[in-house]
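Each chain, letter by letter, is given below.
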Amino acid sequence: MSNIVDIIQSAQGGQIIENLSDRFGLASWQTRAAVDSLLPALVAALSKAAEQPDSLRPLLDAANDAAHRAAFENAEEAHSQASLDGGDAIVAHLFGSAAAAGEVSQLAARESGLRADVLQRLLPVLVSIAAGGLGSTLERQGVAAVLDQPTEPPAPAPKGGWLAGLFASLFGAKPAPQTQTAPPADALQEALDHIRKTLTAPADAERRPDLDELLGRIFTSARG
């Protein structure tokens with residue numbers, strides 16, 4: 001099963017580093033350092049958000065958004081206004097405020113050796129790409145691997161795609177008349193577990209005490 005780091009690295013046909021380098025005027029090694037410095041905070045925030053339905057739902061909505069799907073697939077679309085606005089909204093949701101996200105960028109800047117303003121501009125782009133990749137991955141893997149649906153052609157999907165139907169089932173929304181019968185509860189729990197595992201850091205991810213301290217303070221403040 002893919003995790004969110006694998007998903008991001010596979011974005012734009014695996015050319016995400018080269019494409020971001022061209023857009024931001026950076027050498028490839030600089031872009032890789034920037035992405036590597038932001039990813040631990042992003043993954044930690046995604047994992048934290050996945051713990052509660054109220055926090056997870058906005059992420060799933062973003063994963064089902066066409067602008068983020070396009071950002072994952074296409075380098076130009078990753079910098080569209082819709083993608084950037086959506087990325088800013090997800091960043092604010094994950095870290096609680098623009099100021100907190102700025103602190104994350106400052107820490108990543110010290111880690112990567114790049115200017116904080118570059119990291120701050122990169123973060124919403126990276127988040128939009130991550131959201132789109134999450135949606136594409138879950139939709140590609142979900143019906144067979146998560147809900148274990150039969151292989152014959154499915155019934156007509158609800159407006160918004162397969163994820164929209166899953167969201168409705170997970171969060172209790174009333175399905176539209178044309179949707180399929182909701183999957184059984186154990187399949188839904190399996191789907192939710194799959195989503196949460198996808199948003200979890202890789203097992204070999206290195207822990208950083210400075211990042212843990214910063215995020216602990218950010219998350220505590222957001223709860224207050």
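Procedures and definitions
Residues numbered from 1 in each chain as written. Predicted model: local features only at pLDDT ≥ 70, side-chain atom pairs only at ≥ 80, totals over all residues. Heavy atoms only, no water. Helix = DSSP H or I, 4+ residues; strand = E, 2+ residues; numbered from the N terminus. Buried < 20%, exposed > 50% of the residue type's maximum accessible area, 1.4 Å probe, protein only. Axes fitted to C-alpha atoms, helices over the stretch in contact; angles between N-to-C directions. Parallel < 35°, antiparallel > 145°, perpendicular 65-115°, else oblique. Contact = heavy atoms within 4.5 Å. Expected span 1.5 Å × (residues − 1). Bend = angle between axes of the 7 residues up to and from the residue. Left-handed = near helix turned anticlockwise from the far one by under 90°. Nonpolar A, V, L, I, M, F, W, Y, C, P; charged D, E, K, R; others polar. pLDDT = per-residue confidence, 0-100. Salt bridge = Lys/Arg side-chain N within 4 Å of Asp/Glu carboxyl O. Core = buried A, V, L, I, M, F, W, Y, C linked by side-chain atoms within 4.5 Å. Polar contact = N/O pair within 3.5 Å; in protein donor to acceptor, adjacent residues only side chain to side chain.

Focus on the overall build of the protein
Inference 1: Secondary structure assignment for the protein yields twelve helices and zero strands.
Inference 2: Sequence-ordered secondary structure for the protein, helices as α and strands as β, is α-α-α-α-α-α-α-α-α-α-α-α.
Inference 3: A buried classification covers 46% of the 224 residues belonging to the protein.

Some points on the packing of helix α3 (residues 16-24) against helix α4 (residues 28-49)
Inference 1: Look at α3 against α4: their axes get within 9 Å of each other, and the N-to-C directions meet at 110°. Of the possible angle classes, the one that applies to α3 and α4 is roughly perpendicular. Mapping the contact onto sequence places I17, L20 and S21 in α3 and S28, T31, R32 and V35 in α4.

A look at α4
Inference 1: The terminal C-alpha atoms of α4 lie 31 Å apart, and with 22 residues this matches the ideal 32 Å at 1.5 Å per residue to within 8%.
Inference 2: Taking the largest bend as the criterion, α4 deviates by roughly 30°, centred on L39, and proline P40 comes between one and four positions later.

What about the packing of α4 against helix α8 (residues 98-112)?
Helix packing geometry: the angle between the two helix axes and the distance between the axes.
Inference 1: Relative to each other, α4 and α8 sit at 135°, their axes nearing to 9 Å. Accordingly, the angle class assigned to the pair α4 and α8 is oblique. For α4 against α8, the interelement crossing comes out right-handed. For the pair α4 and α8, the contacting residues are A33, A34, S37, L38 and A41 in the first and V104, A108, E111 and S112 in the second.
Inference 2: Residues of the contact of α4 with α8, tallied by class, amount to six nonpolar, two polar and one charged.

Structural notes on the confidence of the model for the protein
Inference 1: The predicted model of the protein has a mean per-residue pLDDT of 82, with 77% of residues at 70 or higher.
Inference 2: Looking across the protein, the model is least confident in helix α10 (residues 162-171), with a mean pLDDT of 57, and most confident in α3, with 97.

Description of the pattern of salt bridges
Pairing between side chains of opposite charge can happen when their charged atoms approach one another.
Inference 1: Applying the stated criterion across every chain yields a total of nine salt bridges.
Inference 2: Close ionic contact of K48 with E51 constitutes a salt bridge, the shortest N to O distance being 4.0 Å.
Inference 3: Taking the shortest distance from any N to any O, the salt bridge between E139 and R69 comes out at 3.0 Å. Pair noted here: E139 is in helix α9 (residues 116-146) and R69 is in helix α6 (residues 66-73), with a separation of 70 residues, a long-range link.

Topic: the nonpolar core
For soluble globular proteins, the rule of thumb is that nonpolar side chains tend to be buried together.
Inference 1: Counting residues in each nonpolar core, the largest one holds 61 residues, and the members touching the most others are I4, L42, L94, F95 and L199.
Inference 2: Residue contributions to this core peak at 13 residues, all from α9.
Inference 3: Once residues within four sequence positions are removed from consideration, L94 is found in contact with L42, A45, L46, A49, L59 and F219.

Considerations on the side chain of S112
Inference 1: Here S112 shows up in helix α8.
Inference 2: S112 sits in the buried class, given a relative accessible area of 14%.
Inference 3: For S112, the side chain forms a polar contact with the main-chain nitrogen of L114, separated by 3.3 Å.
Inference 4: Discounting chain neighbours no more than four positions away, the residues touching S112 are A33, A34, S37 and L119.

Some remarks on the environment of A66
Inference 1: Relative to the helices and strands, A66 resides in helix α6.
Inference 2: With a relative accessible area of 60%, A66 lands in the exposed category.

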